[in-house]
Structures are given as C-alpha cells and as structure tokens.
Amino acid sequence: MGQVRVRFAPSPTGYLHVGGARTALFNYLFAQQNKGKFVLRIEDTDLARSTEQSVDGILEGMTFLGLEWDEGPTQGGEHGPYFQSQRLDLYQQHADQLVASGRAYHCFCTPEELDEMRKIATSKKQDPKYDGRCRHLTEEKRQAHLQAGRKGILRFKTHSDGATVVNDLIRGKVTFENKQLDDFVIWKSDGMPTYNFAVVVDDALMQISHIIRGEDHLSNTPKQIQIYKALGFQVPEFAHIPMILGPDKSRLSKRHGATSVTQFRDEGYLRQAMVNYLALLGWSYDDAQTLFTYDDLVEKFSLSKVSKNPAVFDIKKLQWMNGVYIREMDLDHLYQIVLPLWQNAGFLAADPKESEVNRAKLILGELQSRGKLLTEFEESAYYFYKDQLEYNEKVVRKVLYKEQAIEILTLLLSQMLKVDDFTQTDLEPIFTEAQQKFECKLGDIIQPIRVAVTGTNVSPGIYEVLMLIGRAKSCQRIKDAVEMAKAHFNEVK
Ligand code: GLU
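Residues numbered from 1 in each chain as written. Predicted model: local features only at pLDDT ≥ 70, side-chain atom pairs only at ≥ 80, totals over all residues. Heavy atoms only, no water.

Before going further, it helps to spend a moment on the overall build of the protein chain. Scanning the protein chain from N- to C-terminus turns up 20 helices and eleven strands. By its C-alpha atoms, the protein chain is 105 × 50 × 40 Å across when sized along the principal axes. A burial count over the protein chain gives 49% of its 493 residues as buried. Counting only contacts in the protein chain whose residues sit at least 6 apart along the sequence, the fraction spanning at least 24 positions is 75%. Summing over all exposed atoms, the protein chain offers an accessible surface of approximately 24,400 Å²; the carbon and sulfur share of this is 48%. Distance between charge centres in the protein chain, computed from 61 positive and 66 negative side chains, equals 6 Å. (Helix = DSSP H or I, 4+ residues; strand = E, 2+ residues; numbered from the N terminus. Buried < 20%, exposed > 50% of the residue type's maximum accessible area, 1.4 Å probe, protein only. Contact = heavy atoms within 4.5 Å. Areas by Shrake-Rupley, 256 points an atom, 1.4 Å probe, with all protein chains shown as cover. Lys, Arg positive; Asp, Glu negative; His and termini not counted. Charge placed at Lys NZ, Arg CZ, Asp CG, Glu CD.)

As a general feature of sheets, a regular strand has side chains that alternate between the two faces. In strand β4 (residues 153-156), alternate side chains face the same way, and those of I153 and R155 on one face and L154 and F156 on the other are all buried. The pairing of strand β3 (residues 104-107) with β4 spans four bridges and is antiparallel. Looking across to β4, one finds that Y105 is bridged to R155. By the bridge criterion, two bridges tie β4 to strand β7 (residues 185-187) in an arrangement that is antiparallel. Its bridge partner being in β7, R155 is matched across the sheet by V185. (Pairing = 2+ DSSP bridges.)

We now examine helix α6 (residues 195-205). Extensive coverage of α6 is indicated by the burial of nine of its eleven residues. When α6 is considered as a whole, its buried residues turn out to be N196, F197, A198, V199, V200, V201, D202, D203 and A204. Next to the buried residues of α6 lie β1 (5-8), α3 (88-100), β7, β8 (210-214) and α7 (221-230). Note on α6: the residue one or two positions beyond its end, Q207, has a positive phi of about 55°.

Attention now goes to the packing of α3 against α6. Interhelical geometry of α3 versus α6 gives an angle of 105° and a closest axis separation of 10 Å. Taken together, α3 and α6 sit at an angle that is classed as roughly perpendicular. Residue-level inspection shows L90, Y91, H94, A95 and L98 of α3 in contact with α6, the latter providing F197, A198, V201, D202 and L205. For the contact of α3 with α6, the residue count by class is eight nonpolar, one polar and one charged. (Axes fitted to C-alpha atoms, helices over the stretch in contact; angles between N-to-C directions. Parallel < 35°, antiparallel > 145°, perpendicular 65-115°, else oblique. Nonpolar A, V, L, I, M, F, W, Y, C, P; charged D, E, K, R; others polar.)

With that settled, consider the sheet that holds β7. Read from one edge of the open sheet, three strands run β3-β4-β7, paired in antiparallel fashion. Edge positions in the sheet fall to β3 and β7, since each has one partner strand and no second. For this sheet, the mean inter-axis angle between neighbouring strands, taken without regard to orientation, is 45°. Across the sheet, α3 lies against β3, β4 and β7, angled at about 125° from β7, the strand it touches most.

Structure representation (structure tokens):
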C-alpha cells in the first residue's frame, strides 16, 4: 500500500452533525494508525446553500474534537486549494477532457422535455432515467443551441452494459448493474460541476487512497468509479460506514435532540467522551471494552470491525460516559475547564486569588463525582457562592415544615455557634448527640440542615458542605430556615 491519504469532505450547508463528525473521526483514526495524511476539503459548490458561518462551525467542531487535519482550508497543503469553489478550473479541464474523449456530451433538453421523459418512464413502470437523446446531437445542432444562447449542461456517457463492482472494505463486494445508471449530469447550467464529478476530480488529484464515508453515498460509487476510469485515474479503496439512527430507528435528526457537535460541547460534554462515544457508533473492539482514550482508538480501531448495520444514537450512554470521564479527570484539569463557566456565573473573579482558587478546587472536588455534564457544575455549585438561596419548595415543605425540624435546627444552630473550629471533628459530635436526643436516624438530623444550607436535598457530604460554606453563612441560613418554618406554622394557625 502506498501512502494512506484520506479525507473528510463536508458541504458547508449547516453545522457539524454527529454523523459527519463520526465520519471525520474514522478517517482521522485510519490516517493516524497508518501514518497517513488526513485532508479536509470543503465541498461548497452549492453556492446558494453554502455559508462561511457553516465553514467556521465545521472547523470549530473538528477542533473541539481534536480532529486535526494535515491539509485543508486553514493551513493549505500541496494539493490545494481545499475549497471546491476555488477549483473550478480543474473541474473545467477534466470536463473538457471527457468531452474531447467522447465520454461527456452537451445536453440542451428543457425542463419540460425532461419532465415528459419522466412521465413516460413512470407510465411504463420504469425508473425515470434520461433517455440519452442528446448523445447523438450533431455538431451543427450543438452549435445552433449554443448560438441561440442556451448554455446547456454536460452529461456523462455511462457504460450501460455489464456491472460495476464496488469492493467495499466494510460491505464486501457490492455489484451494481450498469443498466440502472443513466447519463447523469456532471456540469450544471449554473456553471458548477455536480458532486459526483467534482468529488472524483478532487479525490484523484488529492491522491486520496481510501474513501471512508457514510453509507448514503454507496449508490453514488458506481457512477464515480465510471468517471475515475473514463479519466484514466486509479480507483481508490472505498469503505462505507453505517448510518446513525435515533431511538425510533429513523435517521438521526434534530427531532431527536442535539445533533450538532458544538451544541454538545455547549451542553457540557467533554471531548474525550464525545470522541469515545462517536467511535462506538458502528465500531466495536470487543464486548468487554467500552472506554477508549484517543491513543487506544488509534491502536485498536479497524475498518474490518465496522458493522454493516446502522448504529443507534443513545444519549443516555453518552451522558454516562461523560460522567465517567468527568470523574476520572485530574482535578486541576477539570478546574481549568469549569473555571470559565464559574467566572461567567459570577462565582469567581476574572483573576481569582489563590485562596479563592483553593476553595473552588475543594468545592469542585466534592461535586466532581456527581456531575454528568459540565454545565451541571454551575447549578450544583451555586449555593457555595451565592448569598441568596433558591429553595426547592417541595423539599422545603417536606423536610423543614415540621415541628421537629425547627427543634433540630435550633439546637444545632446554638451549638454550631459555640464550637471551637468549624471542622468535621467538631461538627460530627453535635450531630450524633442530636441524633441520640431525638432518638432518630442520623439522616433525620442531617436532612433539615442540608435543606437549610443548600435549599435542596441533594449535596455532597454535610460536613464538607458546611465547612465550605463557612460558619457565618451556614448559621445565617439555618436561622433563616427556622424563621421560614415558624412563619409557615403561624400562617397555618
Ligand atoms: N460533500 C459530501 C457530503 O457532505 C461528501 C461525500 C463524500 O464523502 O464523498 O455528503
């Protein structure tokens, strides 16, 4: 095998979808493990739908995932340009070559004529195909059309006998009868090449050795193979990867929730979790292993283990995986990721003091094992930072609005104000004594305190929470809770 060169060739007509990202990832892994090159090419020949914003979004999504390309829009490379819109002269040259060799021809059929053709085919229960009538246009007629100002289009003269075999690295031998193909368009009336034509010229000139892409392009492959051959290019290897479906088994789309890579990032997913999860959409190593680092993937990924069956996108599994990576992450690293979120929320200053940083890390250390999404750390940390508590009404009613809760809070408050140090060593005995006094479970003592200081009933360990909130604020909150509960009883009476 010569040098491995693969490419990801998105059309910039939207964001980077998880399906596209998975295609890019498989290409990237394949390039890495074969010491090859990964090319990024922007397929922007659909002028009406392509936008610069979309290009930026795609680059941003790929960068977030760590899918670094060796050649592409930002850094160029020896096979550039990497935007199709800047390669029109190359397509033109190759189209001319096909016309000159008799493998492409001008077609001047009007939309009405094509419509008519379609209707006749349908009435005969045949596939609507172009009937090839312009194949035999005389040079005189062709000139007459051009002189009459009709631009026409170019069609490829397809071989209609025999079969085209795609030796797919994932799907095996797939045979297409050539009679199913018609003389498809390679150059449109808007002066642009079609996808099937431009993609071949680009992949050949960019010396792409393996084309790894979504299965939706399998049916285009016989057309492309015929063009490769007509232009005298070597046909590359093909690998068509399975589609990604939503839980209802229809093709994954916005209806199923977030599908954009940058949206996942903004919702609090980590690169490692995304990459690991995307790798498993259609590929598996063995049943025992689900967690893979990038290095692991580069070592273990193989096209031969990519499934032919569609993959189902399971957001629960992605969330679980994200939680695992958050838990396993080095605290300092997690802090660096969470820092901008907490700064945005006003928890930390732009340039936090060392004491603030230390406290923030202690808080994060307590929350780390509890979050599945980075964004949850904003909600779960707010009571350590904000003065005003947001009470969970239902929990308050259930836990605080009880005579005994008022007694417990009052007793603990008076003792908390007295202890020498506001540390676990000094706090723990207060709780156990109260437990004995009220003859209840320790949880029945802890829970009212927890609700009083956090506003809710789930939090890290109570001693850590109290210590991190600090004596003054904790005691003030307990006092507020007592008053709130008393007020409630007065109202009821
Ligand atoms: N621009 C095409 C797409 O986004 C590329 C298909 C291919 O990889 O050949 O679907």
